[in-house]
Amino acid sequence: MSEFVTRRSVLAGAGAGAALTTLPISMVTLAFGGEREDFTFTYISDAHIQQIKGASFVRNWDQGLKRAVAEANLVRPESDFVIFGGDLAQLGKREELDHGAEMLSKLKGRLHAVMGEHDYYLDLGDYWSKLYGPHYYSFDHKGVHFVVLNSILTSEQWTFHRWPTAEQRMLEMAGLDNPNGSPFMVGDKQRKWLANDLAKLDKKTPLVVFSHSPLQKIYKGWNFWTDDAEEVQALLAPFDSVNVIYGHVHQIQYNQIGNISFNSVMATAWPWPYPQSYAQAESHLPVLTIPMNRADPFFERDATGWQLIDMGSGRVTARYQLWDNDQRTVAFDHKAGHPVDVAYQEPTQRRLPQNQY
Amino acid sequence: MAVRKRAATMLAAMLSLSNAGFANVGFAGVAVAEPLGLPPVPIPPDNPQSSDKIALGNRLFHDLRFSSDGAVACATCHKDDHAFTDSPLRTSEGIRASDGIGKKTGTRNAPTIINSAYFTTLFWDGRSASLEDQSQHPFLNPVEMGLATHEPILAIARTDPFYVELFKKAFGKTGDGVTMEEVKKAIAAYERTIVSADSPFDHWRFGHQENAISEAAKRGFEVFVGQGRCVSCHVIEQDQALFTDNRFHNIGVGINRAQFDVPRLSAEFLTAKAKGADVDKAVLTDPKTSELGRFAVTDQFDVIGAFKTPTLRNVAVTAPYMHDGSLRTLKDVVKHYNNGGRSEGDPAQVNDYLSGGIRPLNLTEQQMDDLVAFMETLTTPAYFGAKTR
Amino acid sequence: MLRSTLLLALGLATIGATATRADEFTKTDIERYQKEFDLVAAKGRELWTSGALGTNGVACAQCHPNAANTHPETYPKFQKQLGKVAQLFEMVNWCIRNPLQGANLAPDDPRMTALVSYITFERRGVKLAPGQH
């Protein structure tokens, strides 16, 4: 559930002692004796628009994206920009990308897009580029340096020589639990580019990296994984405050590694189980993470949603707008030095639907 | 007296269902055992039931003097012999309009009091957290009783001999000790006795009487828990059926036609609210604001156009349906759901904020009729004769 | 009559004397039976990822990778979406009808057997907890 932010609701929240570490720009112009403006951007991800046949698409996923776009447009004051976090299509088809792009086009505000594996492996991002431009790039906004990585690449062998057709390749990569899949990576070329891109920056510049895969090693069986995570993290480590925001996992996750905070975003399409619910494998879900509330499958939108991301003092607050579910806010706790769920991090505050999966 | 007559009617009705499983039914309708198909009525610890409170609440509920024109009581829109609704009116009518012509009309369909004791929030948008809290608001609403303050009520409560005696017996309070707290508690205590189950459905499902409902209704039950997908919100469980999940859902009624106005409406509403506008008054007097549903109460996008799941018990006698009374018959309701949350006259596209539980159902005509037949078995015999047409 | 009965009894006793007892099986049998199951579970895996069980191409695996979050060990249990205490196959059918927009499979349909085999296979080793929500 998301809140229509007004002066009154913000003041009410502050009065109640809520841990609002960042506030949208029109509420507070400078925070924490700040040198930078605080601002908010919208994050919508993992739409998985799936074609059934011709002009008919899986209604369930269509509804999710439509609702996220409609609600994002209601936010006042308006967000600075919108990020689409990847996996717009399910099987990378033009029809799917077009149908998704049409829905995204209703968004007010500037859109930046991140590549997902479901967008990439049919034509290696060719049509995607026509819609949304380069696969990796960077931009600056109000003193923050934003980097978009294409972190769902894999080995040359698997990409070019393993499969007889592009369709087959896409199908194989589309199965999350497919043993024939291949681990994601950022790759040499992009890491070189990243090193270069970051070289000119002051180490005090807040960094935000948008990635589809987690840039961590969480669970290989479901490709909640970036093979060169350590190398990428090493490139980010010299900076004072780094935030990685990633999609792909369709669930709430957050973590801290050194100076790097990690926040996942939700899918608009469907939720995924937490890896520890797979009895036959070991996973490494960050211990910090308090799971989202367990979903009721009757309500298609349960445990799906979109996000408002606040930037304040170079740190991220993720406000998860979950439909039919508990709203969640994960904010950087400066004392603890890592992200915390503002309501549920305390063990005594946790609710049964977060534990009983 | 009205109270005794009420109790006698209820008693007779209950006793006429000989295998209803009642332990003892006390005077003034204080049923000790819950009817077949319902759990025990939740009673808050700070307002236990007593026959004095119930008698008091009964009178307060029916008292026309608590309105600006002396002609409106709770029972005006929640009529006893209309299954506690004002069927067949679409939306409620309160005090006389200021020009003397007709009555002031609200925006919402008066829900039945029957089984309201099982709701965790009251009103279509859940803006009251208890029966006690709910009871105070209609008195002050310009389209209902139209009083400026509760003072006229208290003036009568503290001086009318009937009330003086009962407030003393029920609460041990007299004179200025009688406040709206006691009034609210009494009304709530009365409402907690308006409970009904023991319908043909209950006898079939929980009483295991194979012949209690028709074959069509049995088929309709299968649709209800199967292809119709009704059971997840209109809850039936293994040994009881509340028929409500006490949650709020946007099912496309009203909001479909207002969908293009939502951005403007929501912004306007919130500005007004920030300036101190009263939600209770706004939602009942302005039809467009009414369509925002629970959003008007919580300011959360998740519940734009969302309204509380009503119970389906006695639904056959509580037409018309939905928060705006826009669906006249049960068949109309079923068609609305079958279409995935839209009715005739709605725009082609359902609104973007539609609940994730609503989708086209592809029911056949037969299945829809069976579903209606099923819903008609949910009426308690005491209300078979409700004058709702 | 008595003579033929006696002969019959003798004949049966003779047969009985040669070796067969109760449920006799060898190690090879066990391995063969296990393979039968594995084949069916593999078929279940195929159905799980195929998207062919419904009418909209959605596959079980899209929401339940490796059959996670199906919790076969908790069935039978009260299932909110069905309004009663139900068995695993009934919930599988609910999913086929609803997110997959398909039609029920009979409980003993070979495809249902395959699906349930796959689901339980992926959950092997987990303690039974019938009735747990």
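Residues numbered from 1 in each chain as written. Chains lettered and ligands numbered in written order. Predicted model: local features only at pLDDT ≥ 70, side-chain atom pairs only at ≥ 80, totals over all residues. Heavy atoms only, no water.

A. Representation of the pattern of salt bridges within the structure. Residue and element names in this part refer to chain B. If you walk through the whole model with that rule in mind, you get 45 salt bridges over all chains. In this structure, the salt-bridge partner of Asp176 is Arg158, at a minimum N-O distance of 3.6 Å. Within this pair, whereas Asp176 is found in the loop between helix H6 (161-171) and helix H7 (180-191), its partner Arg158 is found in helix H5 (residues 151-159), the two being separated by 18 residues in sequence. When salt bridges that share partners are traced, they join Arg108, Asp125, Arg127 and Asp280 into one network. (Salt bridge = Lys/Arg side-chain N within 4 Å of Asp/Glu carboxyl O. Helix = DSSP H or I, 4+ residues; strand = E, 2+ residues; numbered from the N terminus.)

B. Up close: the sheet that holds strand S15 (residues 315-322) of chain A. All names here are of chain A. Ordered in space as S5-S4-S1-S14-S15-S16-S17, the 7 strands form an open sheet in which the pairing is mixed. The open sheet has two edge strands with one neighbour each: strand S5 (111-113) and strand S17 (338-341). Taken over all neighbouring pairs, the strand axes of this sheet differ in orientation by 25 degrees on average, direction set aside. Contacting strand S1 (39-44) and strand S14 (305-312), helix H2 (residues 59-72) crosses the sheet at an angle of about 165 degrees to S1. (Pairing = 2+ DSSP bridges. Axes fitted to C-alpha atoms, helices over the stretch in contact; angles between N-to-C directions. Contact = heavy atoms within 4.5 Å.)

C. View of the interface of chain B and chain A. Taken together, the contact between chain B and chain A spans 30 residues of the former and 24 residues of the latter. Carbon and sulfur atoms make up 55% of the surface buried where chain B meets chain A, a total of about 2,500 Å² over both sides. The largest per-residue losses of area from chain B upon contact with chain A belong to Phe301, Asp302 and Asp352 of chain B, which jointly make up 28% of the total buried on that side. Asp302 of chain B is the partner of Arg67 of chain A in a salt bridge, and the nearest nitrogen-oxygen pair spans 3.8 Å. Put simply, chain B and chain A have 8 residue pairs in polar contact (both at pLDDT 80 or more) between them. The biggest single contributor to the side of chain B that touches chain A is helix H11 (residues 262-274) of chain B, with 7 residues. (Buried area = accessible area lost by both parts, 1.4 Å probe. Polar contact = N/O pair within 3.5 Å; in protein donor to acceptor, adjacent residues only side chain to side chain.)

D. Layout of the interface of chain B and chain C. Chain B puts 10 residues into the contact, and the matching count from chain C is 12 residues. Across the chain B to chain C interface the summed buried area is about 740 Å²; carbon plus sulfur atoms make up 39%. Interface area lost by chain B to chain C is led by Arg229, Gln238 and Arg359 of chain B, which between them contribute 43%. Applying the counting criterion to the chain B and chain C interface returns 0 salt bridges. Counting the contacts that link chain B with chain C gives 4 residue pairs in polar contact (both at pLDDT 80 or more).

E. Main features of the pairing of strand S6 (residues 137-141) of chain A. Residues and elements named next belong to chain A. Judged by which residues are buried, S6 turns out to be one-sided: Tyr137, Phe139 and His141 face inward and are buried, whereas Ser138 and Asp140, on the alternate face, are not. Sheet analysis places S6 next to strand S7 (residues 144-148), joined by 5 bridges and oriented antiparallel. Bridged to His141 within S7 is Val144. Linkage of S6 to S7, two consecutive antiparallel strands, is achieved through a turn of 2 residues, within which Lys142 is found at a positive phi near 45 degrees. (Buried < 20%, exposed > 50% of the residue type's maximum accessible area, 1.4 Å probe, protein only.)

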